[in-house]
Structure formats: C-alpha cells, structure tokens
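Observations on chain architecture
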Amino acid sequence: GAAPTISGYLRADGRMGIRNELWIVPTVGCVNGQANAIVQRIKAECDLAGIDDVRAFTHSYGCSQLGQDHENTRSALAALAKHPNAGGVLVLGLGCENNQIDRLREQMEPFDSSRIKFLVAQQVDDEVEAGTAICKELITLMKNDRRTPQPVSKLKIGLKCTS
C-alpha cells in the first residue's frame, strides 16, 4: 500500500513542522522583558486563527559569556530559531551583548529570511513597537501555511530530559 503520511507544515528547508508557531528568541537575557511584551501585544491585537502559539523563549544567557559557553548558547539559539515548528521567528538582540546577532545569523546560514527576522533593540527607538510590527508581518505569512500530507519519515521525535 501507500507509504504512511502525517499532516504537517513543509518548511522551505524541506523539514516538516507539526505546529505553526510564532517565536521570539532573545539573544540575551536582558531583553526578556521586551520579548514578553511583544508576545502580549500580539496576543491582544492579532487574529491568531491558524497559529498554534505565540511564545518567547526567555533565558538568562548571552551576556558576558565567554569562549565555549558562548559557542554553546549561540548553537542552541541558532538551532531553536530554525526549528520547523516555528512558522515565524523574531530574533531579538540588545546591541551590546557578546552574542552579536551577526555571528548568530552567520551560524544559522542558510535560513529562510522571509520567516526569520532580526531586531537589535539599540538600533530602534521602541523595540516593542518595532518587534510587534515585524511579528504582524510574519503572522500574515504564517496565515497562508497549510498542513499537507507528508511522509512519516519526516517526523522527528524530540526527547525531553528532566533531571
């Protein structure tokens, strides 16, 4: 018979997501507040039909980290931003942190620049306003995303380890 399929979102890089979420990924802990504020504005102001979730991946890393710690944070953030369950991602940086957005962007290559946007807080007057505007554009794109039958072989099972 036919190969088994699963209903998923095919992304530009050929990977499949099973959810269509908008993510805000701070590069550094000191913009967690702004990231959360953008999420709140989007949830209050947007029609999120067809979008499974809007969330900020807040963390306390990225500032004054050195060497290998820094590489590990950057690798984790790069992988997160490219996750196929994210139909849109805003990477939010501060501007002065070691974990410079340009280095992160380099590590993420190649990526879908229509779906992953970058904002440096210190380069705009109001990063919550600017970030909300970018996220609204991403939502407009994501609303066109449809689940299609995909081969089960594209399904990746994640393992969450808790200590």
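Above this text sits the structure in question.
Residues numbered from 1 in each chain as written. Predicted model: local features only at pLDDT ≥ 70, side-chain atom pairs only at ≥ 80, totals over all residues. Heavy atoms only, no water.

What follows is about the overall build of the protein chain. Of the regular secondary structure elements, the protein chain holds four helices and seven strands. Taken from N to C terminus, the helices and strands of the protein chain fall in the order β-β-β-α-β-α-β-α-β-α-β. Here the C-alpha radius of gyration of the protein chain, 16 Å, is about what a compact globule of 163 residues would show, namely 15 Å. For the protein chain, the C-alpha atoms occupy an extent of roughly 55 × 40 × 30 Å along the three principal directions. Residues counted as buried form 42% of the 163 residues belonging to the protein chain. Across the protein chain, the fraction of contacts at a sequence separation of at least 24, relative to all contacts at a separation of at least 6, is 79%. (Helix = DSSP H or I, 4+ residues; strand = E, 2+ residues; numbered from the N terminus. Rg over C-alpha atoms; globule rule 2.2 N^0.38 Å. Buried < 20%, exposed > 50% of the residue type's maximum accessible area, 1.4 Å probe, protein only. Contact = heavy atoms within 4.5 Å.)

At a minimum axis distance of 9 Å, the contact between helix α1 (residues 32-45) and helix α4 (residues 127-142) shows a crossing angle of 50°. Classified by the interaxial angle, the pair formed by α1 and α4 is oblique. In this structure, the crossing between α1 and α4 has a hand that is right-handed. Taking contact as the criterion, the partners of Q34, A37, I38, R41, I42 and E45 in α1 are, on α4, E127, V128, E129, G131, T132, C135, K136 and I139. Residue composition of the contact of α1 with α4, by class: six nonpolar, three polar and five charged. (Axes fitted to C-alpha atoms, helices over the stretch in contact; angles between N-to-C directions. Parallel < 35°, antiparallel > 145°, perpendicular 65-115°, else oblique. Left-handed = near helix turned anticlockwise from the far one by under 90°. Nonpolar A, V, L, I, M, F, W, Y, C, P; charged D, E, K, R; others polar.)

This part covers the nonpolar core. The biggest cluster of nonpolar side chains holds 23 residues, and the ones touching the most others in it are L22, I24, I38, I42, L90, L92 and C135. Within the residue set of this core, elements represented by two or more residues are β3 (21-26), α1, β4 (53-56), β5 (86-93) and α4. Examining the composition of this core, we find that six residues originate from one element, α4, more than from any other. For C135, the residues in contact, after removing those within four places along its chain, are L22, I24, I38, I42 and L90. Ranked by size, the runner-up nonpolar core spans 16 residues in total, among them W23, A86, V91 and V120. (Core = buried A, V, L, I, M, F, W, Y, C linked by side-chain atoms within 4.5 Å.)

Since the α-helix packs 3.6 residues into each turn, any two residues three or four apart lie on the same face. The complete set of buried residues in helix α3 (residues 101-108) reads I101, L104 and M108. For α3, the arc enclosing every buried residue in end-on projection is 60°, short of the 170-degree limit, so these residues lie on one face. More than 90 degrees from the buried face of α3, the exposed residues found are D102 and E106. (Arc of directions from axis to C-beta.)

Here the focus is the packing of aromatic side chains. Scanning the model with the defined rule gives two aromatic pairs in all. A ring pair is formed by W23 and F57, whose centres lie 4.7 Å apart and whose planes are at 65°; its orientation type is edge-to-face. One end of the pair, W23, is in strand β3; the other, F57, is in the loop between β4 and α2 (67-81), with 34 residues separating them in the sequence. Note on W23: relative accessible area 4%, which makes it buried. (Phe/Tyr/Trp six-rings, centres within 6.5 Å; stacked < 30°, edge-to-face > 60°.)

Another point: the sheet that holds β3. In spatial order, the strands read β4-β3-β5-β6; together these four strands make up an open sheet with parallel pairing. The strands lining the two open edges of the sheet, one partner per strand, are β4 and β6 (116-120). Going from strand to strand, the sheet's axes swing by 15° on average, the running direction of each strand aside. Here β3 pairs with β4 via four bridges, running parallel. In the strand pairing of β4, I24 is matched with A56. Sheet strands touched by α1: β3, β4 and β5. Its angle to β4, the strand with the most contacts, is close to 165°. The strands touched by α3 within the sheet are β5 and β6, with β6 carrying the most contacts at an inclination of about 165°. (Pairing = 2+ DSSP bridges.)

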